[in-house]
Each structure stands twice: as structure tokens, then as C-alpha cells.
Amino acid sequence: MDEHFFEQHDYESIVPVQPPPVVQGSVLNLSFASVDIDLKLDPKWGCGGIAWPAAEVLCRYLVRRGTNSLNGKTVIDLGSGTGLCGLLAAKLGATAFVTDQAPLLSVMQDNVELNQMSSSCLVAELNWGEPIPAKIPRADVILAADCVYFEPAFPLLVDTLCDLVDNDASNPQEILFCYKKRRKADKRFFTLLKKRFRWTEVDDDPDREAYSRDAISLLRLHKL
Ligand SMILES: C[S@@+](CC[C@H](N)C(=O)[O-])C[C@H]1O[C@@H](n2cnc3c(N)ncnc32)[C@H](O)[C@@H]1O
């Protein structure tokens, strides 16, 4: 993301921060190339109960890297909501941990069961800013989609990202951070992030031009 990103995309007045309306209990059938995922949506849990566009961008990118590209890897999906990115990672061969706050755990568990992924996609509570629970192991890949939207949580999310990354050069971790810009206030998140991470745009995604028109960036973070 170059430094003019926030000036180019001032969507504040035209992109609603509120989630689109969703019918309670509806099931969304998503297809990413050959990988299908069914998602129960639950608007009762606000923004966590629906699938967000940044999650779909991240899923499409992961699938494009190959259907076995996450074989044997451990993946953590932060602020997973419905569980979409973690479920997709599990379908690509990973052992995935879909994590969120307590109210979202039942939606994620329902979706894990709906997709028959209970053996490789595990649901765990992980509140940003709090110690990483013992049941969550070191991850090879950390995913975060559409997690920048609530200002008080900005420093908490940065802390959790830091806690999950150990900078072991012999065993590097990948952090894929897919972000949709909505408000100028989001810039404060990147000001905080910059103190602990640098980032590069994922540049091997042919969809990049299309989603950047929608103010979505897919970033790879590197801990300083
Ligand atoms: C906009 S939703 C994105 C959900 C999903 N990643 C997607 O893209 O479809 C943001 C998610 O972050 C979670 N979240 C917000 N604050 C959090 C916190 N302090 N700790 C853990 N998760 C949090 C919310 O519960 C919600 O599921």
C-alpha cells in the first residue's frame, strides 16, 4: 500500500461500515475454483456473522497458490467471524485454528461441522490483546481478513500479531493481511502497525487490480 492509498480511496461517505442485511440462518454457498465452502450466516453477531469481501479476496489468493499449498501447515485465522478463511485453509491441507471472540464460537463451530472439517479446523477463542491461549500452537501462516474497523481494537490487534510471530529465521511464518479501507481513521491502525511491522503488497495476484479498485489490499506483514 503506497502512502497515497488513503487519499486515493476516500470511501468514507459511500461505503457503509454496517454489514449488508443477511437473513438469519441463511447458508451461503461459496466456490473458490474447485473448493466449495458452505457458510451459515448469523447477523445476530453483527460484523462477525457474515462473510466480508476481504475474506473472499484472501480465499481466492490462497486457492490460486494450489489446492495442496497448505499441506501440513498450521494456520491461524484471526477475527475469523464465520470461519471462512480458516475453513478454506483446512480444505487446502492445513490444520487451521479459526479464532474470534466468545460470541462467535458457535457460528464458527456450526460452519466447521457444516463443512465436515472437524478433524482439521479447530475453533478457539482468541481475544486480541490477551495472552495467546495454550491450545493455539505456533502458526506457519497467520491470516487476518477485514479486521481493521473498530478503533479501540487497533492496538490490541497489533499486539496479538506481535505475540504470534517469533521471527525464527530458520522457520519463517507468513502473515497475510487482507484489508478493506473504509474510514480515514483506519490510517491510525497502520501508524501503530508501522512501529512493529513492515509490509509488502502481495504482487503475484492477478486479481489485484480489480480488488484495489474496491479499496482492498492484500498485504504480507514482516515483524521488525
Ligand atoms: C469485519 S469482521 C471480519 C470477519 C472475517 N474475517 C471476514 O472477513 O469475513 C471482524 C471480526 O473481528 C472480530 N473481532 C473484533 N474485535 C476482536 C477482538 N478484540 N478479538 C478477537 N476478534 C475480534 C469480530 O468478532 C469479527 O468476527
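Residues numbered from 1 in each chain as written. Predicted model: local features only at pLDDT ≥ 70, side-chain atom pairs only at ≥ 80, totals over all residues. Heavy atoms only, no water.

Draft legend 1. The overall build of the protein, seen in detail. Along the backbone of the protein there are seven helices and nine strands. Relative to its 224 residues, the protein shows a buried fraction of 49%. Roughly 10400 Å² of accessible area belongs to the protein as shown, and the carbon and sulfur atoms make up 51% of that amount. (Helix = DSSP H or I, 4+ residues; strand = E, 2+ residues; numbered from the N terminus. Buried < 20%, exposed > 50% of the residue type's maximum accessible area, 1.4 Å probe, protein only. Areas by Shrake-Rupley, 256 points an atom, 1.4 Å probe, with all protein chains shown as cover.)

Draft legend 2. Looking closely at the confidence of the model for the protein. On average, residues of the protein carry a pLDDT of 88, and 88% of them reach 70 or more. Per-residue pLDDT stays below 50 along residues 1–20; that stretch engages in 46 contacts with residues further than four places along the chain or on separate chains. Predicted as a complex, the structure gets a pTM of 0.91 and an ipTM equal to 0.99. (pLDDT = per-residue confidence, 0-100. Contact = heavy atoms within 4.5 Å.)

Draft legend 3. Spotlight on the nonpolar core. Core analysis: the largest hydrophobic core is formed by 41 residues, its most contacted members being Leu58, Leu84, Leu88 and Leu143. Top contributing element to this core by residue count: helix α2 (residues 53–64), with eight residues. Setting aside anything within four residues of it in sequence, one finds Leu143 in contact with Leu58, Leu62, Val75, Ile76, Asp77, Leu78, Cys85, Ala89 and Leu176. (Core = buried A, V, L, I, M, F, W, Y, C linked by side-chain atoms within 4.5 Å.)

Draft legend 4. Spotlight on the pattern of salt bridges. Tallied over the entire structure, the rule returns twelve salt bridges. Across the pair Arg208 and Glu201 runs a salt bridge whose closest N-O atoms are separated by 3.7 Å. Assessed through its relative accessible area of 30%, Arg208 is described here as partly exposed. If you follow the salt bridges from partner to partner, you end up with Arg60, Arg64, Asp205 and Asp207 in one network. (Salt bridge = Lys/Arg side-chain N within 4 Å of Asp/Glu carboxyl O.)

Draft legend 5. Quick peek at the sheet that holds strand β6 (residues 141–145). Read from one edge of the open sheet, seven strands run β5-β4-β3-β6-β7-β9-β8, paired in mixed fashion. Only two strands of the sheet have a single neighbouring strand rather than two, namely β5 (121–125) and β8 (197–201). Averaged over neighbouring strand pairs, the angle between their axes works out to 25 degrees when direction is ignored. Relative to β5, strand β4 (residues 95–100) runs parallel, the two sharing five bridges. Opposite Phe97, over in β5, you have Leu122 as the bridge partner. Packed onto the sheet, helix α3 (residues 84–91) meets β3 (74–78), β4, β5 and β6 and runs at close to 175 degrees relative to β4. Across the sheet, helix α6 (residues 186–196) is in contact with β7 (174–180), β8 and β9 (216–223); its angle to β8 comes to roughly 115 degrees. (Pairing = 2+ DSSP bridges. Axes fitted to C-alpha atoms, helices over the stretch in contact; angles between N-to-C directions.)

Draft legend 6. Region of the structure containing unusual backbone geometry. One non-glycine residue, Ala33, lies in the positive phi region at around 50 degrees. Locating Ala33 in the fold gives a position in the loop between β1 (27–32) and β2 (35–40). Classification of Ala33 by relative accessible area gives exposed; the value is 67%. Unlike most non-glycine residues, Asn167 shows phi in positive territory, near 55 degrees. Locating Asn167 in the fold gives a position in the loop between α5 (154–164) and β7. Accessibility expressed as a relative area gives 45% for Asn167, which makes it partly exposed.

Draft legend 7. Just the UniProt feature "binding site: S-adenosyl-L-methionine" (unreviewed entry) in the protein, in detail. Annotation from UniProt places "binding site: S-adenosyl-L-methionine" (unreviewed entry) at Trp52, Gly79, Ser80, Gly81, Asp100, Trp128 and Ala145. Among the structural elements, Ser80 can be located in the loop between β3 and α3. Once residues lying within four places of it in the same chain are set aside, the contact partners of Ser80 are Val98, Thr99, Asp100 and Met108. For Ser80, the side chain forms a polar contact with the side chain of Asp77, separated by 2.6 Å. With respect to the secondary-structure elements, Ala145 resides in strand β6. Those residues in contact with Ala145, other than ones at most four positions away along the chain, are Ala54, Ala55, Leu58, Leu78, Gly79, Cys85 and Cys178. (UniProt positions renumbered as here; feature names shortened; annotations may be inferred. Polar contact = N/O pair within 3.5 Å; in protein donor to acceptor, adjacent residues only side chain to side chain.)

Draft legend 8. Geometry of the pairing of β2. In β2, alternate side chains face the same way, and those of Val35, Ile37 and Leu39 are buried while those of Asp36, Asp38 and Lys40 on the opposite face are not. As defined by bridge partners, β1 adjoins β2 across six bridges and the pair is classed as antiparallel. Looking across to β2, one finds that Asn29 is bridged to Asp38. Connecting the antiparallel pair β1 and β2 is a turn made up of two residues, with Ala33 showing a positive phi of about 50 degrees.

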